[in-house]
Amino acid sequence: MSTTTTTTTGTALITGATAGLGAAYAEELAARGHDIILVARDEARLEKAAAGLAERSGRKVSTLSADLTTAEGIGSVEDRLAGDASIGTLVNNAGMALLGPLSKADPDRLEGLITLNLTSFTRIAAAAAKAFAGRGAGTIVNISSALALNILPVSAAYSGTKAYVLAFTQGLAQEFADSAVRVQVVLPGALETALWNGSGIELDQLPKEMVMSPQDAARAGLAGLEAGELVTIPSLPEYGQWESYDQARQAMGPNLSLSRPAARYSR
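Reading the values: the criteria
- Numbering of residues starts from 1 in every chain and runs along the sequence as written.
- For a predicted model such as this one, the threshold for reporting local features is a pLDDT of at least 70, and the threshold for listing and counting side-chain atom pairs is 80 or more; totals across whole chains, interfaces and linings nevertheless cover every residue.
- Processing note: side-chain calculations cover all non-hydrogen atoms of the structure and skip hydrogens and water entirely.
- The angle between two axes is taken between their N-to-C directions and runs from 0 to 180 degrees, where each axis is a line fitted to C-alpha atoms and a helix contributes only its stretch in contact.
- Strands are runs of DSSP state E lasting at least two residues, helices are runs of H or I lasting at least four, and both sets are numbered from the N terminus onward.
- The labels follow the angle: roughly parallel below 35 degrees, roughly antiparallel above 145, roughly perpendicular from 65 to 115, and oblique for the rest.
- We call two residues contacting when some pair of their heavy atoms lies within 4.5 Å.
- Under the grouping applied here, Gly and all other residues not named as nonpolar or charged are polar, the nonpolar ones being Ala, Val, Leu, Ile, Met, Phe, Trp, Tyr, Cys and Pro and the charged ones Asp, Glu, Lys and Arg.
- The span one expects for a helix is its residue count, reduced by one, times 1.5 Å.
- Note that the bend at a residue is defined as the angle between axes fitted to the seven residues ending at it and the seven residues starting at it.
- Definitions for this section: a left-handed crossing has its near helix turned counterclockwise from the far helix by less than a right angle. A right-handed crossing has that turn clockwise.
- A 1.4 Å probe that fits into a set of points on a 1 Å grid over the protein atoms alone but cannot get out defines a cavity; an open set with protein on both sides within 12 Å along at least five of seven lines defines a pocket, and lining residues are those with an atom within 4 Å of a point.
- Grid points are joined across faces, edges and corners, and a volume is the space filled by probe spheres set on the points.

Colleague: Would you mind going over the packing of helix α4 (residues 107-135) against helix α5 (residues 156-175) with me for this structure?
Modeller: If you want to describe how two helices pack, look at the angle between their axes and the distance between the axes. The contact between α4 and α5 brings their axes to 10 Å, and the two run at 10 degrees. Considering their axes alone, α4 and α5 lie roughly parallel with respect to each other. Where α4 abuts α5, its residues L110, L113, N117, L118, F121, T122, A125 and A129 lie against A157, Y158, T161, K162, Y164, V165, F168 and L172. Looking at side-chain class alone, the contact of α4 with α5 contains 12 nonpolar, 3 polar and 1 charged residues.

As structure tokens, then:
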């Protein structure tokens, strides 16, 4: 962990913050001098996590209990982002995984996945974007997944939601390109977290060399942010691979919408 500092650098609001990657981001940002707002559903776990983090870091740590699968819970986070001018960073981390054949998926669980990974994510990011635009500065960190790029037979819905997070952030970055609002998307691979519980794949089914600690992923994400990366893939050794991938995508741009079909479709 980075050395704790007493310099105040604004408040960071983190969703899904009592365990896993969200908790790791809270530790790292507190160590960097941020006050912290932890957002999660379980109020008892929130209070325990906040007390421990405050004791370890010496920062001000507050909580917001919110079920982000409900309109009321989402609205409470939107209101906090709009009304608390001290907030300068959002880590938009809350999410769930659902892995398995789509043909066998429970429709209610699919709806829950979409509500948390898309609806909640989008509304919270939009609230932060509006607040930070009004304040003239701020940082939005959106958590996607390597499965946004590495799509598997069991990940159709989950990969779809995380590909949305990637594309959403790329578009948002263009919106704020000439401002002091910073935007980043982080695409971690498999992490040693409770996200796997009930997902359809258990953590112990994965090779150990594929699984990163949430602490390492958070540190890598923040290092990428400090380096000015829009897209951070914590385990990717050569960043040029991502740049080549993205350049190839952009090179198709001029030909994606033309007045006539491509010649290969003409008879």
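Colleague: Could you clarify how one ought to interpret α4 in this entry?
Modeller: Along an α-helix, residues three or four positions apart point the same way, because every turn accommodates 3.6 residues. The end-to-end C-alpha distance of α4 is 41 Å, a good match for the 42 Å that 29 residues give at a rise of 1.5 Å each. Taken as a whole, α4 carries its principal kink of about 35 degrees at T115. After α4 finishes, the residue G136 shows a positive phi value of roughly 85 degrees.

Colleague: Help me out: how do you make sense of the packing of helix α1 (residues 20-31) against helix α2 (residues 43-57) in this one?
Modeller: Across the interface, α1 lies against α2 with an axial gap of 10 Å and an inter-helix angle of 30 degrees. For the element pair α1 / α2, the angle class is roughly parallel. The handedness of the crossing between α1 and α2 is right-handed. Across from A26, E27 and A30 in α1, the residues of α2 making contact are L53, R56 and S57. Here the residues of the contact of α1 with α2 sort into 3 nonpolar, 1 polar and 2 charged.

Colleague: How should empty space enclosed by the protein be read in this particular structure?
Modeller: If a probe as big as a water molecule is rolled over the atoms, it shows which places are left empty. All chains considered together, the criterion is met by 1 cavity of 30 Å³ or more. Its boundaries defined by the atoms lining it, the largest cavity holds a volume of some 30 Å³. If you trace the largest cavity, you find it lined by N92, A94, N117, F121, I143, K162 and V165. For the lining of the largest cavity, the secondary structure elements donating two or more residues are α4 and α5.

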